[in-house]
Amino acid sequence: MDCIFCKIANKEIPANLVYEDDQIVAFPDNDPQAPTHILIIPRQHIDTINQLDIDKSALISHMVLTATQLAKDLALADDGYRLVWNCNRQGGQAVFHIHLHLLGGRTMHWPPG
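All residue numbers refer to position in the chain's written sequence, counted from 1. The predicted origin of the model limits local features to residues at a pLDDT of at least 70 and limits the giving and counting of side-chain atom pairs to 80 or more, whereas totals for whole chains, interfaces and linings rest on all residues. Hydrogens and water are ignored here; the side-chain numbers use all heavy atoms of the structure.

Per an unreviewed UniProt entry, the chain goes by the name Histidine triad nucleotide-binding protein and belongs to Photobacterium lipolyticum.

1. A look at the UniProt feature "active site" (unreviewed entry) in the chain
What counts, and what does not: UniProt positions are given in the numbering used here, feature names are shortened, and annotations may be inferred rather than shown by experiment. Note on contacts: a residue pair qualifies if any of its non-hydrogen atoms lie within 4.5 Å across the two residues.
As recorded in UniProt, the sites labelled "active site" (unreviewed entry) are His99. Excluding residues within four positions of it along the chain, His99 makes contact with Phe5, Leu39, Ile40, Ile41, Val84, Trp85 and Gln93.

2. Concerning the pairing of strand β3 (residues 36-42)
Spelled out, the test is: Note on exposure labels: buried denotes an accessible area under 20% of the residue type's maximum, exposed denotes more than 50%, and partly exposed covers the range between, all computed with a 1.4 Å probe on protein chains only. In this description a helix means any DSSP run of H or I spanning at least four residues, a strand means any run of E spanning at least two, and both kinds are numbered starting from the N terminus. At least two bridges found by DSSP between two strands is the condition for calling them paired.
Of all seven residues in β3, seven are buried; the element is thus mostly enclosed. The two faces of β3 match: Thr36, Ile38, Ile40 and Pro42 on one face and His37, Leu39 and Ile41 on the other face are all buried. Bridge count for strand β2 (residues 24-28) against β3 is five bridges, and the pairing is antiparallel. Residue pairing for β3: Val25 is matched across the bridge by Ile41. Alignment of β3 against strand β5 (residues 100-104), held across five bridges, turns out to be antiparallel. Paired with Leu39 across the strands is His101, a residue of β5.

Here you go:
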């Protein structure tokens, strides 16, 4: 498989990991859209969030809870932050390996896109 996120998760490509455990890794986005822009990805390859089911609910919960802890650790929680999932091309997904964006450090606007 030629998935850049799988290669990062497997440490075949170096990345500045800000968090890792047996299920997920987190690292800064290469094209940040905010002063803080962290990607949280599962080690398991899943193309899009359309492939999620009840069996993956613990993994998704773990990703979200890790993002909220990172927001606290990075002093974003009090001022606010945004969590974003993109799905497929029209939804803004560029890498087809699910990933949760943690964005903070600036005022977020609505609508986002």
